[in-house]
Amino acid sequence: MTETLSPDTGASTAPASGRRPPLRFARFRDLALVPAIVILLVVGALLDPTFLTTGNLLGVLQQQSALSLLVLAEAMILITGKFDLSLESTIGFAPVLAIALVVPTSAHGLGTEWAAWLAVPLCLLTGALIGAFNGLLILKFQLSAFIVTLGMLITVRGLHEGVSGGNSLFQIPQSFMFLGFETWLGLPLSVWISLALFVVGMVVLSYFRQGRSLYAVGGNVDAAKAAGIRTNKVIWTVLIIGGVLAALAGMLETGRLGAIGANLGDGMIFDVFAAAVIGGISLNGGKGTLFGALCGVLVLGLILNILRLTAVDGHWFNAIKGVIILLALVLSRLTTGKAQE
Amino acid sequence: MVPVRSSIKTVATVATVVLAAAACGQQSGGGTADGNAKVGVDFPRADSDFWNSYIKYVPQFGKELDVNLMPSTNSQNKVENLVANVQTLQGQGAKAIVMAPQDTGAIATTLQRLEQQKIPVVTVDTRPDSGKVYMVVRADNKAYGEKACKFLGEKLGKKGKVVEFQGALSSVNGRDRSEAFAKCMKDNYPEITVFEEPTDWEGSKAASALQTRLNQHPDIKGIYMQAGGVFLAPTLQVLRSTNHLLPAGDPNHIAIVSNDGIPQEFEAIRKGEIDATVSQPADLYAKWALFYAKAALEGKTFKPGPTDHESTIVDVGNGNLEDQLPAPLVTKDNVDDKALWGNQIGK
């Protein structure tokens, strides 16, 4: 059973130079959620004939694409042993600021009316800056990541309300909505984007020195330092990438919804953590894989879809959703036999 | 019977507040028949298009009606903030309070305290479950649900499938609209199937629900959204991406009724993308709330019955009066009416 031992155990497993482990996409631990997904697919198919149609399943993927990017970001940050709660505010604020800078004041803009094509880079830049600022407080001021990003969650949410004046922004440039709205080869672009980014993430985290160093830092910072890894640089980079991914998720969501509401992203961080943790990402850092996190996103999406198709009474919706998430956790614990962290 | 201990506590609170007011150097007269005394306004939230319009109208009508307005507070949709804000306003010398408690139960003790101190309260948009208020200013949210139901029912020829985006079920207005819509559908149009989608007022949840439902039932013919501000753009975007966005008049057009009456909804009605909305009178809310606050300070009293502004004052029990403002249904026929507040702002 060497497979179960392999790359998940942190610092000791940075690959020896020259010899890379053979390509194995789904390792044992990663497959923990596959039984849960299969069961959900079977249950869904039995409950409603529409469930297994491509239209419906593509809908699930599209609806989960923004969440999946947040989970990708959070998974990498958790693997590095840090926390970022502010992602749920970044997903709303980054697009709001970018749009407010380009639209006229009559559409609740800030009056700058910059060129419309600037909206996309501005949005991504905002995400990067929020990530960088988190990094500054966590690394240079040596503050707890949990509290720093909790403070940022509140601050950035407040900035969102302040900049938008609490209004929904309706007038969005077409270029900004392109990624979230268009389809390519029958699949929504947003699904392509999140799949592509997950594949890149999986490859980098499994086969590249830079990616492996995330596990090293998260598993044992001191050992990582001793091994010559510039740990602060790794953490900072991951936080910035996290902010950019959240901003990108905000763009996808804006394209899907056609406007930015004042509560976009509010409460989303709970789903992000639920998906990451049922996907096998450890809250203590150094463990878990992106494939697992992706499975977590799918599980959540399928649960929501089945509840919607069966038109569960609104008063009980959240209770049932919560119980099914707990069941998925138990199932993944039983199928792998490993203690959850 | 009020237990002794709690009345001692109340006396203590009163004393503290009086001391606080005196300490701040505010004039502390009895406040009878002084139309110029200070009026404190608390706004319920800052993140909805409807309430933002209300927030804009308050100072405007304050000037028009010559009300001595204090700087307003905002309780961010939380009743504990509202309680604290009211205390602050009182401390700053407010002699009348205008508030819009979104939690109609938990405000009871605050109302009791204000009554003991002879500070009249006008509530906007919601009617408190218990406690004394001078006047409730609101449009009947149950009527929103009913108007939407009747419009869709007739439009669809009394049969077919309808999707309903419910607001947060924990909010009284969301609940009122949902219950009235459900009851009206059941009583009048039993052949219409209603899919109730809980959304917590979130556009993202509404979009996902609609996409799923359209896959499941491609023959959906009607949509009722309980708040245009949050649901309009996501709904249109989903219909656009699934090729369901057809102008009114097309045989496959999906009939859409909304609530709120913001300018974007009017725009969509003109384009034929949606069919109707119920205009919730943000301007009248602000105007009549301040009117009654001033009237209370001047010592006026009101009786149930029709008013001079096309509304009716009704006795809602508890000795409380409610001025039920009209909330007109806006369709293509009257969408350009200048009197609608949605046509007055942003121009």
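As a reminder, the structure under discussion sits directly above these lines.
So, here is what we can say about the structure in this document. Not measured: the values here are computed from a predicted model.

Reading the values: the criteria
- Starting afresh in each chain, residues are numbered from 1 along the sequence in its written order.
- Chains and ligands are labelled by the order in which they are written, letters from A for the one and numbers from 1 for the other.
- For a predicted model such as this one, the threshold for reporting local features is a pLDDT of at least 70, and the threshold for listing and counting side-chain atom pairs is 80 or more; totals across whole chains, interfaces and linings nevertheless cover every residue.
- Under the DSSP-based scheme used, a helix requires at least four consecutive residues in state H or I and a strand at least two consecutive residues in state E, with every element numbered from the N terminus.
- Burial is judged by counting the other C-beta atoms within 10 Å of a residue's own C-beta: 20 or more makes it buried, 12 or fewer makes it exposed, and any count in between marks it as partly exposed, with every C-beta position built from the backbone.
- In this description, a residue-residue contact is defined by the distance between C-beta atoms placed from the backbone, which must lie within 7 Å.
- Think of it this way: DSSP has to see at least two bridges between two strands before they count as a pair.
- Between N-to-C directions, angles cover 0 to 180 degrees, with each direction set by a line fitted to C-alpha atoms, over the stretch in contact for helices.
- Joined through C-beta atoms within 7 Å, a set of buried Ala, Val, Leu, Ile, Met, Phe, Trp, Tyr and Cys residues constitutes a nonpolar core.
- Start and end points for every domain follow an automatic or database-based domain assignment.

Here we look at the overall build of chain A
Counting secondary structure elements, chain A contains 14 helices and two strands. Within chain A, the fraction of its 341 residues that count as buried is 53%. For chain A, the proportion of contacts with a sequence separation of at least 24, taken over those separated by at least 6, is 78%.

Notes on the sheet that holds strand β10 (residues 276-279) of chain B
Residue and element names in this part refer to chain B. Read from one edge of the open sheet, six strands run β7-β6-β8-β9-β10-β14, paired in mixed fashion. Looking at which strands have only one partner, the edges of the open sheet turn out to be β7 (192-198) and β14 (329-331). Strand-to-strand twist across the sheet, computed as the mean angle between neighbouring axes with direction ignored, equals 20 degrees. Across five bridges, the pairing between strand β6 (residues 160-166) and strand β8 (residues 220-225) is parallel. What sits directly across from E164, in β8, is Y224. Helix α8 (residues 228-241) contacts β6, β8, β9 (255-260) and β10 of the sheet and is inclined by roughly 150 degrees relative to β9.

Some remarks on the sheet that holds strand β12 (residues 312-315) of chain B
All names here are of chain B. Across the sheet, which stays open at both edges, the eight strands sit in the order β2-β1-β3-β4-β5-β13-β12-β11 with mixed pairing between neighbours. Both outer strands of the open sheet, β2 (73-74) and β11 (305-306), are each paired with one neighbouring strand and no more. Bridge count between strand β1 (residues 39-43) and β2: two bridges; the pairing is parallel. Considered in β2, the bridge of F43 is made with N74.

Points about the nonpolar core
The biggest cluster of nonpolar side chains holds 195 residues, and the ones touching the most others in it are L70(A), I99(A), V299(A), V122(B), A289(B), Y292(B) and A293(B). Shared between two domains, this core takes at least three residues from each, and those domains are domain 1 (32-139 + 282-328) and domain 2 (141-260) of chain B. Setting aside residues no more than four positions away along its own chain, A289(B) makes contact with V98(B), V122(B), V124(B) and V137(B).

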